[in-house]
Amino acid sequence: VAATKRDIIVQNAPTGNTTTTAEHAICLLLSLVRHIPAATASMKQDKWEKKKFQGTEICGKTFGVIGLGNIGRIVAGLGKGLNMNVVAYDPFVSETDAEVLGVELRALDELLARADFISVHTPLNDKTRGLIDSTAFEKMKDGVFLVNAARGGIVDEIACLAALESDKLAGAAFDVFVEEPPSAGHPLVAHPKVVCTPHLGASTAEAQIKVAVMVAEQMVDYAVSGEVRNALNV
């Protein structure tokens, strides 16, 4: 708002880190269902607890992708590459677009009821804040796995904790939180069925280079020809 009042154009690079972020969401899912962080920690303590860390296979299961924007589309494609049946919810995507992506477009309630794994990829706004709340959890099948690598607040953290405690959720993975960094002793971070990372979605060397190059090119285009791309306030 302050920049707009001063006639300053604000641009971003929305596609520079999409692949990296999508890959991280899948990494979180695989780490979650195969207990990789806990198993690693166990081995570093010189333990061999093979039976303790029996995991869940994802092949042939139903993968629900909430949001088919730049990142969600890549996540859906990666899910198909892992031989999952991908269903998606996005009110701004047509059936034709979904067919091109090779995914089933369904209402949110149907996705919640069918999915074995759910990954959230919507922006955070007034309509999506708390989208995955206690009511949404009630509509899910028992033993579902949830990943949020989008924005903190899309998943109601208190409702998620209750779903973990009741075993509605078999596990959850978070890269984002309402408060970042989360407070010491945050119940989700401390929960044994939660895998978490400190907002690492875009944190690869490749993504940082892509974003830097994209921003530089946009600045040059504006300076040379007045072309504005990816502006947030124009």
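Residues numbered from 1 in each chain as written. Predicted model: local features only at pLDDT ≥ 70, side-chain atom pairs only at ≥ 80, totals over all residues. Heavy atoms only, no water.

## A few points about the sheet that holds strand E3 (residues 104-105)
Hydrogen bonds between backbone atoms are what pair the strands of a sheet, whose relative direction is either parallel or antiparallel.
Part 1 of the reasoning: In spatial order, the strands read E3-E2-E1-E4-E5-E6-E7; together these seven strands make up an open sheet with parallel pairing. Sheet topology places E3 and strand E7 (194-196) at the edges, where each strand pairs with a single neighbour.
Part 2 of the reasoning: For strand E1 (residues 62-66) and strand E2 (residues 85-89), the ladder comprises five bridges, and the chain directions are parallel. Each residue of the ladder has a partner; that of valine 65, found in E2, is alanine 88.
Part 3 of the reasoning: On the sheet, helix H4 (residues 70-81) packs against E1, E2 and strand E4 (117-120) and is oriented at approximately 175 degrees with respect to E1.
Part 4 of the reasoning: On the sheet, helix H8 (residues 157-165) packs against strand E5 (144-148), strand E6 (169-174) and E7 and is oriented at approximately 145 degrees with respect to E6. (Pairing = 2+ DSSP bridges. Helix = DSSP H or I, 4+ residues; strand = E, 2+ residues; numbered from the N terminus. Contact = heavy atoms within 4.5 Å. Axes fitted to C-alpha atoms, helices over the stretch in contact; angles between N-to-C directions.)

## Description of unusual backbone geometry
Part 1 of the reasoning: Residues glutamate 180 and proline 181 are joined by a peptide bond in cis, for which omega reads -5 degrees.
Part 2 of the reasoning: Its place among the elements puts proline 181 in the loop between E6 and helix H9 (187-190).
Part 3 of the reasoning: You will see that aspartate 167, though not glycine, has its phi angle at about 70 degrees, which is positive.
Part 4 of the reasoning: The topology assignment puts aspartate 167 in the loop between H8 and E6.
Part 5 of the reasoning: With phi around 55 degrees, histidine 199 is a residue other than glycine that occupies positive phi space.
Part 6 of the reasoning: Locating histidine 199 in the fold gives a position in the loop between E7 and helix H10 (205-225).

## What to know about the pattern of salt bridges
Part 1 of the reasoning: In the structure shown here, the tally under the stated rule is twelve salt bridges.
Part 2 of the reasoning: Salt-bridge contacts for aspartate 126 lead to arginine 129; the nearest nitrogen and oxygen are separated by 3.4 Å.
Part 3 of the reasoning: For aspartate 126, a relative accessible area of 74% gives the class exposed.
Part 4 of the reasoning: Given the relative accessible area of 49%, arginine 129 is considered partly exposed.
Part 5 of the reasoning: Counted as one network, the salt bridges with shared partners bring together Glu104, Arg106, Glu110 and Arg114. (Salt bridge = Lys/Arg side-chain N within 4 Å of Asp/Glu carboxyl O. Buried < 20%, exposed > 50% of the residue type's maximum accessible area, 1.4 Å probe, protein only.)

## Some details on the nonpolar core
Part 1 of the reasoning: With 27 residues, the main nonpolar core has Leu112, Ile118, Ile132, Phe137, Leu146, Cys160 and Leu169 as its most contacted residues.
Part 2 of the reasoning: The set of elements that each furnish at least two residues to this core consists of helix H6 (108-114), E4, helix H7 (134-139), E5, H8 and E6.
Part 3 of the reasoning: The element that contributes the greatest number of residues to this core is H8, accounting for four residues.
Part 4 of the reasoning: Excluding its chain neighbours within four sequence positions, the residues that come into contact with leucine 169 are Phe137, Met140, Val144, Leu146, Cys160, Ala163, Leu164 and Lys193.
Part 5 of the reasoning: Within the second largest apolar cluster, 26 residues are counted, among which are Met84, Ala88, Phe117 and Phe145. (Core = buried A, V, L, I, M, F, W, Y, C linked by side-chain atoms within 4.5 Å.)

## A short note on the environment of leucine 131
Part 1 of the reasoning: In this fold, leucine 131 is placed in the loop between E4 and H7.
Part 2 of the reasoning: Separated by 81 residues in sequence, leucine 131 and alanine 212 have C-alpha atoms that sit 32 Å apart.
Part 3 of the reasoning: Every residue in contact with leucine 131, bar those within four places of it in the chain, is listed here: Ile66, Leu108, Ala136 and Ile154.

## Quick word on the pairing of E1
Part 1 of the reasoning: In terms of burial, E1 is a largely internal element, five of the five residues being buried.
Part 2 of the reasoning: Bridge analysis of E1 against E4 gives four bridges, and the strand direction is parallel. By the bridge assignment, glycine 64 is partnered in E4 with isoleucine 118.

## Re the state of the cysteines
Part 1 of the reasoning: Scanning the model with the defined rule gives zero disulfides in all.
Part 2 of the reasoning: Cysteine 59 forms no disulfide, and the closest cysteine sulfur to it belongs to cysteine 27, at a distance of 18 Å.
Part 3 of the reasoning: Judged by relative accessible area, which is 41%, cysteine 59 ranks as partly exposed. (Disulfide = S-S within 2.5 Å.)

## Points about H10
Part 1 of the reasoning: For H10, with 21 residues, the first-to-last C-alpha span of 30 Å sits near the 30 Å given by 1.5 Å per residue.
Part 2 of the reasoning: Of all the positions in H10, only Ala207, Met214 and Gln218 are classed as buried. Viewed along the axis of H10, the buried residues span an arc of 35 degrees, placing them on a single side of the element. Seen from the buried face of H10, the exposed residues on the opposite side, beyond 90 degrees, are Ala205, Ile209, Met219, Ala223 and Val224.
Part 3 of the reasoning: Where H10 is buried, its residues contact helix H2 (18-33). (Expected span 1.5 Å × (residues − 1). Arc of directions from axis to C-beta.)

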